[in-house]
Amino acid sequence: MNLANKLTIIRVILIPIFVAILLIPTIPYHNYIALGIFIIASLTDFFDGQIARRRNLVTNFGKFADPLADKLLVCSAMICMCTPLVGADGKTPFNVLIPAWVVIIIVAREIFISGFRIIAAEQGLVLAAGWSGKFKTAFSMFMIIFVLLDINHPVFIYITWALIWISLALTVISMIEYVAKNKEVLKQ
């Protein structure tokens, strides 16, 4: 197994650790610990792609596992951040909660694209993520980081909301582009 694929596996391993720490508000500074884990996991996404392309280590496993790891990381974080968690002090831990309907649209897109990839795989095709999907993932990761930072300042809150809406728009745009680019998969 090459280094790029090992980084993808590390990202998958970090997901349940991130979720557990985020969902246990009795852990001191759990938001910031979860933020650190999320940033490390997000960086593995950046580096595994860079390493795979520079060292010519692109594999079918990487084409499959990397976007799946991204989906698991982003969807897990957003699901955790759309429900108000109540801490020991009786307060919710975030100034901005991602609306559940936004999370549903984003998760539905991820499930749809995964199903689309399964259909392609049955036809012997391995579909790599396109640039709009990668941009969507990066934007979603920045949005999650801003929610986790949880800075209670109007400008910061406006930026966080802008990132949520842009992530939603990129989700829809990237899905349309992905299907349009690979529509031959649906013809068989």
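Scroll up a little and you will see the structure.
So, here is what we can say about the structure in this document. Everything numeric in this text was worked out from a predicted model, so none of it was measured.

The rules we used
- Residues numbered from 1 in each chain as written.
- Predicted model: local features only at pLDDT ≥ 70, side-chain atom pairs only at ≥ 80, totals over all residues.
- Heavy atoms only, no water.
- Helix = DSSP H or I, 4+ residues; strand = E, 2+ residues; numbered from the N terminus.
- Core = buried A, V, L, I, M, F, W, Y, C linked by side-chain atoms within 4.5 Å.
- Buried < 20%, exposed > 50% of the residue type's maximum accessible area, 1.4 Å probe, protein only.
- Contact = heavy atoms within 4.5 Å.
- Patch = residues over 30% accessible without salt bridge, like charges linked within 9 Å, V, L, I, M, F, W, Y side chains within 5 Å.
- Areas by Shrake-Rupley, 256 points an atom, 1.4 Å probe, with all protein chains shown as cover.
- Salt bridge = Lys/Arg side-chain N within 4 Å of Asp/Glu carboxyl O.
- Lys, Arg positive; Asp, Glu negative; His and termini not counted.
- Charge placed at Lys NZ, Arg CZ, Asp CG, Glu CD.
- Expected span 1.5 Å × (residues − 1).
- Bend = angle between axes of the 7 residues up to and from the residue.
- Polar contact = N/O pair within 3.5 Å; in protein donor to acceptor, adjacent residues only side chain to side chain.

Quick notes on unusual backbone geometry
Positive phi, close to 60°, is recorded for Tyr-29, a residue that is not glycine. Here Tyr-29 lies in the loop between α1 (3-22) and α2 (30-54). Positive phi, normally seen in glycine, also occurs at Asp-150, with a value near 55°. Among the structural elements, Asp-150 can be located in the loop between α5 (131-149) and α6 (154-181).

Considering the nonpolar core
Grouped together as the largest cluster of nonpolar side chains are 37 residues, with contacts concentrated most on Phe-18, Phe-38, Ile-98 and Ile-144. In terms of residues, this core owes the most to one element, α5, which gives seven residues. Once residues lying within four places of it in the same chain are set aside, the contact partners of Ile-98 are Met-78, Met-81, Cys-82, Val-103, Met-143, Val-147 and Ile-164. Membership of the second largest hydrophobic core comes to six residues, among which are Phe-116, Leu-127, Tyr-178 and Val-185.

A short note on a positive patch on the surface
Where like charges cluster on the molecular surface, the positive patch consists of Arg-53, Arg-54, Lys-134 and Lys-181. In this fold, Arg-54 is placed in helix α2.

Side note on the environment of Lys-183
Along the chain, Lys-183 turns up in the loop between α6 and α7 (184-187). When the C-alpha atoms of Lys-183 and Phe-116 are compared, they prove to be 9.8 Å apart, with 67 residues separating the residues in sequence.

Remarks on α1
The end-to-end C-alpha separation of α1 is 28 Å, in line with the 28 Å expected for 20 residues at 1.5 Å each. Residue Leu-14 marks the point of greatest curvature in α1, where the axis turns by about 25°; the proline Pro-16 follows within four residues. Looking at α1, one finds that the buried residues are Ala-4, Asn-5, Leu-7, Thr-8, Arg-11, Leu-14, Ile-15, Phe-18, Val-19, Ile-21 and Leu-22. Packing partners of the buried residues in α1 comprise α2, α3 (60-80) and α5. Capping of α1 at its N-terminal end is provided by Asn-2; its side-chain oxygen lies 3.1 Å from the backbone amide nitrogen of Ala-4.

Some words on the pattern of salt bridges
Where charged atoms from two side chains of opposite charge approach closely, those side chains can pair. For the structure on display, the rule yields seven salt bridges. Residue Arg-11 is joined to Asp-48 by a salt bridge in which the shortest nitrogen-to-oxygen separation is 3.2 Å. On the criterion of sequence distance, the pair formed by Arg-11 in helix α1 and Asp-48 in helix α2 is long-range, its members being 37 residues apart. Across this residue pair, the class does not change: Arg-11 and Asp-48 are buried. The partner of Asp-66 in a salt bridge is Arg-11, and the shortest N-O contact between them spans 2.5 Å. With Asp-66 in helix α3 and Arg-11 in helix α1, this residue pair connects regions lying 55 residues apart in the sequence.

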